Amino acid sequence: MWRLVCVAFVTISLVVGFGVTAYAQALAPSALNLASHDQKSADDMVQVITEKSTRGTANKPVQVSTKRRAPTVAKKPAQLVVKQPTPTIAKDSAEAVTEKAAQAVPKSTSRTFAMEPVRPMNQPTVSKKEQPVSRFTFKTAGGKKESAPVITQYYPNQIVYPFGRVDRHIDSRLMQAASIAQERAHAHSRSRCWHYVKDALLASGVIDSRPKSELARDAAQELVSNYGFKRLSVTDPFSAPVGSVLVYGTARSVGHVELRTRDGFVSDFRSKIPSRRPLLGVYAKL
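Residues numbered from 1 in each chain as written. Predicted model: local features only at pLDDT ≥ 70, side-chain atom pairs only at ≥ 80, totals over all residues. Heavy atoms only, no water.

**Q** I'm lost on the side chain of Ser244 in this one. Help?
**A** Within the secondary structure, Ser244 sits in the loop between β3 (230-232) and β4 (245-248). For Ser244, the side chain forms a polar contact with the main-chain oxygen of Pro241, separated by 2.7 Å. Not counting residues up to four positions away in its chain, the partners in contact with Ser244 are Glu258, Leu259, Arg260, Val282, Tyr283 and Ala284. (Helix = DSSP H or I, 4+ residues; strand = E, 2+ residues; numbered from the N terminus. Polar contact = N/O pair within 3.5 Å; in protein donor to acceptor, adjacent residues only side chain to side chain. Contact = heavy atoms within 4.5 Å.)

Shown next, in the form of structure tokens:
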């Protein structure tokens, strides 16, 4: 008996619950409008306040100012941004791009990059010391291969040439002739040594006429036979007195003539050292 009563009670409660739910769904609006509900309640409150104020003050009219609410702007739903996956570059396409970039680079640049070795960062470059060459190899005009030692050090002592000595026994006009020839001389030879020496001797007054010989090797014989010069007992050109005439040459050469100065030798050019030709003799007028 008690079980039947419980079953009936549960059944009745379920029927009543379903009925209330259905009635609530029928009365509920299709869409909830929260903004309109708030506005309705606000309007009701304004009306209540207005009615009370009119009842309290019947003599004075009350001006009711109602402010319209700004229309609510419904926010648009945010659009979802879908990120597209980055396209993967295939290995073949990457190789093609690399080949195109290599073709765009000039050949000279690519060769430079190819020849330049790759060095690690922040490491000093070590240069190999070049070994000094001890001998220099060359070919002569006849095609013979020869070699010569390479001088790597200079001579520590300065080469000093001795100054010419002044001999009071010889004619002083010879020293004047040497000064004139030095003023007229050039830096390099012009193959006119005997011509310039003739002009200097004639300008100083040592000789009164111009010698007629053409070759420099014949100057010694003409000076001795025609102008009173004498051969000095000197075999070293550096020991010749200032103003003396030095004659060089052989029987088969043109020869060379020059005057001794205080610091060198002079003819058509100036020089610190004497000629390398064989010395025939040193001549002066006493």
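**Q** Looking at this structure, I do not really get the pairing of β4. What am I missing?
**A** Two faces make up the sheet, and in a regular strand the side chains alternate between them. The two faces of β4 match: Val245 and Val247 on one face and Leu246 and Tyr248 on the other face are all buried. In the sheet, β4 pairs with strand β5 (residues 256-260) via four bridges, with the strands oriented antiparallel. Paired with Val245 across the two strands is Leu259, which belongs to β5. Two elements, β4 and strand β8 (residues 279-284), share four bridges in a ladder whose sense is antiparallel. Across the sheet, residue Val245 finds its bridge partner in β8, namely Tyr283. (Buried < 20%, exposed > 50% of the residue type's maximum accessible area, 1.4 Å probe, protein only. Pairing = 2+ DSSP bridges.)

**Q** Help me understand helix α7 (residues 219-227), please; the structure alone is not making it clear to me.
**A** The α-helix winds at 3.6 residues per turn, so residues separated by three or four positions along the chain end up facing the same way. Along α7, the positions that sit buried rather than exposed are Ala219, Ala220, Glu222, Leu223 and Tyr227. Buried residues along α7 sit in contact with α6 (193-204), β4, β5 and β8. Of the residues one or two after α7, Gly228 is the one with positive phi, at around 80 degrees.

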